[in-house]
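The chain contents come next:
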Amino acid sequence: MSDGDANAAAAAIEFRKVVKRFLHPARREESYLAVDRLSFTVAPGEMAAVLGRTGCGKSTMFNLLSGLIEPTEGSVHVLGHDPFREFNWFRGKIAVVFQNDRLMPWRTAVENVELGIELAGKNATERREIAMGWLERLGLKGHEHNYPHALSGGMRQRVSIARAFAVNPEILLCDEPFSALDELTGKRLREEYTQLVRENGKTSIFVTHSIDEALQLGERILVFHRPAQIALEVRVAGGDREAIRQRVLTAMNLREAEAAGKAA
Amino acid sequence: MNPWYKLRKETVISLGGLMLAWQIASYFFPPYLFPPVPAIAQKFFAILIDRESLANAGATAARIFAGLTVAFLLGAILAFVMGRSQRSYRYVYPLLNFIQGVPALSWVVIAIIWFKGTEPRILFIMTATTLPAFSFQILDAYSSMSKDLFEMTLSFRPSKLDLFRTLILPTIVPGMLTAWKVNLGNAARVVVVAELVGATGGIGYQLLMQQQLFDMAGALAWTLVLVVFVLLVQQVITRIEGWLLAYRPSTERSA
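Just so you know, these numbers come straight off a predicted model, no measurement behind them.

Digging into the overall build of chain A
For step 1, the next point in the chain: When helices and strands are tallied, chain A shows eight helices and nine strands.
For step 2, the next point in the chain: Computed over its C-alpha atoms, the radius of gyration of chain A comes to 19 Å, within 12% of the 18 Å expected for a compact globule of 264 residues.
For step 3, the next point in the chain: The dimensions of chain A, computed from C-alpha atoms along their principal axes, are 55 × 45 × 40 Å.
For step 4, the next point in the chain: Among the 264 residues that make up chain A, the fraction classed as buried is 44%.
For step 5, the next point in the chain: Here the analysis covers contacts within chain A between residues at least 6 apart in sequence; of these, 68% occur between residues at least 24 apart.

If you want it as structure tokens, here you go:
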């Protein structure tokens, strides 16, 4: 077994030469490449940040990881299983925090938090206890029985974080969950999120287009460029943040300039 | 200002105006054209306190509910079939569109030829006339389901039943309630026509009797019974709607 294979076997998440093509929405006979031979691994308990500009294929990678779409070529493995083909195996093992809160408007805050645990088959008493506990932990005590429309944007995003943590998943996937929040709320939630992931020993992939956010939330940053290839992989923990920021910026701009040159 | 109070006041004024105009007309025309309002009211209340008359009204109500229930169930199944598969949609949609275009009177003729008993005839007519609207309204509600919420729910890997229970059903409930309210009015109009097809009871049958007796007050009283019934049931549905959709912000509900 090579070193790469050994790493892959130990990895919580593994993308191996993944290609994803979509049919062109207008011209159905044509396809376009969204992900091109993407390979990377994330170790158990690691917090990885995926950074890239809009349209670089982050969301496609995210959907592949969630098992919502299937790779055209290559393989995706999470905890050693295929998230698309073994979709139901991941019940209670993966949770997702989305860019917008995606709360069900007909459920109160606590009922929204209960959703994942309810679908995982926990009984009503147990799930209420877990959901109330997470809401309290995220500073929403007193708002448990409010409907989403009665909560602020920051509160709603807290509820969606509580919903993800409540299922006690092994893998946590986040797709720019704080991008729509104001500066202060976003900062506070990022801190809370980091603390929760570390305390609970979760493996986490955090997708973002903000370098600062990637630096704050990632122990390792994967810089993507279109079509979803890795332009740079850099370890944050223990490194000089300003130097890392410059490297990341350079990698992003360099790739952009290359792409512009090719287009010209 | 309380909008309900405002609405109630306006309703009283407009309906009171109509009654007044009718009463004035009754002074100038014979009773078989414009019977006085008190005579209509007297016949109306006589129906409400007479057991046999109430049984007639009850028969009509039962036919409306039976027809709507069958149409709702079939319509919901067809809506889900169309919602789940584009291929099914391409086959089923034109059929429903065609059925919707058939006049109620044509269904009456078809029912007379196809069915022997009165009740199967009425059930068939009621179902055929309200089925497309149920199906289209439920399909609309199903199609408007948020892709974001669908993906979020799917991320928790629900079973098909759980997906239906936690996401699809709450999404289509508002559409279903609207469909019931709209179709109730349509069904009330169709049921009286359907009851003319050999029924020996029901509001349609009673209207036929009043026509043969040339009793305009009786015809109007029976019509009022049907209208009041529809309004009462619509109120009940509105109450259920208010209870089930209490999560909506008030500005949305009054829009």
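What follows picks up the thread again.
Points about the sheet that holds strand β7 (residues 203–208) of chain A
Residue and element names in this part refer to chain A.
For step 1, the next point in the chain: With mixed pairing, the six strands of this open sheet are ordered in space as β5-β6-β7-β3-β8-β9. One side of each edge strand has no neighbouring strand; the edge strands of this open sheet are β5 (94–97) and β9 (229–235). Put simply, the sheet's adjacent strands are angled 15 degrees from each other on average, direction ignored.
For step 2, the next point in the chain: In this sheet, strand β8 (residues 220–225) lies alongside strand β3 (residues 47–51) in parallel orientation, the contact comprising four bridges. Pairing of A48 across the sheet is with R220, part of β8.
For step 3, the next point in the chain: Packed onto the sheet, helix α2 (residues 58–66) meets β3, β5, β6 (171–175), β7 and β8 and runs at close to 155 degrees relative to β6.

Focus on the domain arrangement of chain A
Where the parts come together, the accessible area they lose is often given as the size of the interface.
All names here are of chain A.
For step 1, the next point in the chain: Domain parsing of chain A yields domain 1 (43–71 + 79–93 + 170–263) and domain 2 (101–168).
For step 2, the next point in the chain: Domain 1 and domain 2 are separated by 24 Å when their C-alpha centres are compared.
For step 3, the next point in the chain: The greatest single-element share of the side of domain 1 that touches domain 2, amounting to five residues, is contributed by helix α6 (residues 183–200).
For step 4, the next point in the chain: Residue composition of the side of domain 1 that touches domain 2, by class: eight nonpolar, two polar and two charged.

A short note on unusual backbone geometry
All names here are of chain A.
For step 1, the next point in the chain: Non-glycine residue R102 carries a positive phi angle of around 50 degrees.
For step 2, the next point in the chain: For R102, the location among the structural elements is in the loop between β5 and α3 (109–119).
For step 3, the next point in the chain: Overall, the presence of 23 C-beta atoms within 10 Å leaves R102 in the buried class.
For step 4, the next point in the chain: Even without being a glycine, E176 presents a positive backbone phi close to 45 degrees.
For step 5, the next point in the chain: By secondary structure assignment, the location of E176 is in the loop between β6 and α6.
For step 6, the next point in the chain: The buried category is assigned to E176, around which 20 C-beta atoms lie within 10 Å.

Each value, and the rule that gives it
Residues numbered from 1 in each chain as written. Chains lettered and ligands numbered in written order. Predicted model: local features only at pLDDT ≥ 70, side-chain atom pairs only at ≥ 80, totals over all residues. Helix = DSSP H or I, 4+ residues; strand = E, 2+ residues; numbered from the N terminus. Rg over C-alpha atoms; globule rule 2.2 N^0.38 Å. Buried ≥ 20, exposed ≤ 12 C-beta atoms within 10 Å, placed from the backbone. Contact = placed C-beta atoms within 7 Å. Pairing = 2+ DSSP bridges. Axes fitted to C-alpha atoms, helices over the stretch in contact; angles between N-to-C directions. Domains from an automatic or database assignment. Nonpolar A, V, L, I, M, F, W, Y, C, P; charged D, E, K, R; others polar.

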